[in-house]
Amino acid sequence: MFGESAVMRFNELEELETVSADLLHMGKDIPVWLFEGHMGAGKTTLIKALCKQLGVRSHVQSPTFSLVNEYDAGDKLVYHFDFYRIKDETEALDMGVEEYFDSGHFCFVEWPGKIEFLWPLNYLLIHLEADENGMRMLAVKRV
Ligand SMILES: Nc1ncnc2c1ncn2[C@@H]1O[C@H](COP(=O)(O)OP(=O)(O)OP(=O)(O)O)[C@@H](O)[C@H]1O
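Residues numbered from 1 in each chain as written. Predicted model: local features only at pLDDT ≥ 70, side-chain atom pairs only at ≥ 80, totals over all residues. Heavy atoms only, no water.

- Per an unreviewed UniProt entry, the recorded name for the protein chain is tRNA threonylcarbamoyladenosine biosynthesis protein TsaE, and the organism is Dyadobacter chenwenxiniae.
- Check the Sequence similarities (unreviewed entry) section of the UniProt entry for the protein chain; it says "Belongs to the TsaE family."
- Within the UniProt record for the protein chain, the comment given under Subcellular location (unreviewed entry) is "Cytoplasm". (UniProt positions renumbered as here; feature names shortened; annotations may be inferred.)

1. Here we look at the site of the ligand
Step number 1: In the vicinity of the ligand there are 15 residues, among which Gly40, Gly42, Lys43, Thr44 and Thr45 approach most closely.
Step number 2: Thr45 places a side-chain nitrogen or oxygen 2.5 Å from an oxygen atom of the ligand.
Step number 3: Contact distances for the ligand include 3.4 Å between an oxygen atom and a side-chain N or O atom of Trp111.
Step number 4: A breakdown of the residues in the shell around the ligand according to their chemical character gives five nonpolar, six polar and four charged. (Near = heavy atom within 4 Å. Polar contact = N/O pair within 3.5 Å; in protein donor to acceptor, adjacent residues only side chain to side chain. Nonpolar A, V, L, I, M, F, W, Y, C, P; charged D, E, K, R; others polar.)

2. Section: helix α1 (residues 16-27)
Step number 1: Helix length check: α1, at twelve residues, gives a terminal C-alpha distance of 16 Å against a target of 16 Å (1.5 Å per residue), a fit within 8%.
Step number 2: The set of residues buried in α1 consists of Leu16, Val19, Ser20, Leu23, Leu24, Met26 and Gly27. End-on view of α1: buried residues confined to an arc of 160 degrees, all on one side of the axis.
Step number 3: If you follow the buried residues of α1, they end up packed against β1 (5-10), β2 (32-36), α2 (43-53), β5 (106-110), β6 (124-130) and β7 (136-142). (Helix = DSSP H or I, 4+ residues; strand = E, 2+ residues; numbered from the N terminus. Expected span 1.5 Å × (residues − 1). Buried < 20%, exposed > 50% of the residue type's maximum accessible area, 1.4 Å probe, protein only. Arc of directions from axis to C-beta. Contact = heavy atoms within 4.5 Å.)

So this is what it looks like as structure tokens:
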């Protein structure tokens, strides 16, 4: 639908259903999705919308302290990471982040810049920004 990259603009929470459906259409064959964006850009909110589309019924919230949450999405699992508070990449290695990335299950990663050396070869890179009016700009690229 979008080729290898796309830009989307939206400003209503209701639009997230369409945005997340489009993203899944574009990247459903890629397990690891990296979500870049400043605090409050809307990373967790977008991941919630994606999880809903994937059939997750449990509560989706940022795993700021646990580093990873696991959600059941029927035939697949979703691992939701937040590396904002991680000390260094050794901590990510110790929690087995490479095994998660290789598992074939969806891995949605907030603050991926904190573990840049551990990014897999292929991933979906999503960059989110919010302007002063609350308008969101999302750029997505298959790598
Ligand atoms: N598309 C959107 N339209 C309107 N409001 C939104 C949208 N996305 C997020 N918000 C609102 O912006 C606020 C911050 O969103 P969210 O917590 O998802 O950001 P975040 O990028 O995960 O931040 P952090 O890095 O601090 O976890 C929330 O109150 C959320 O409801």
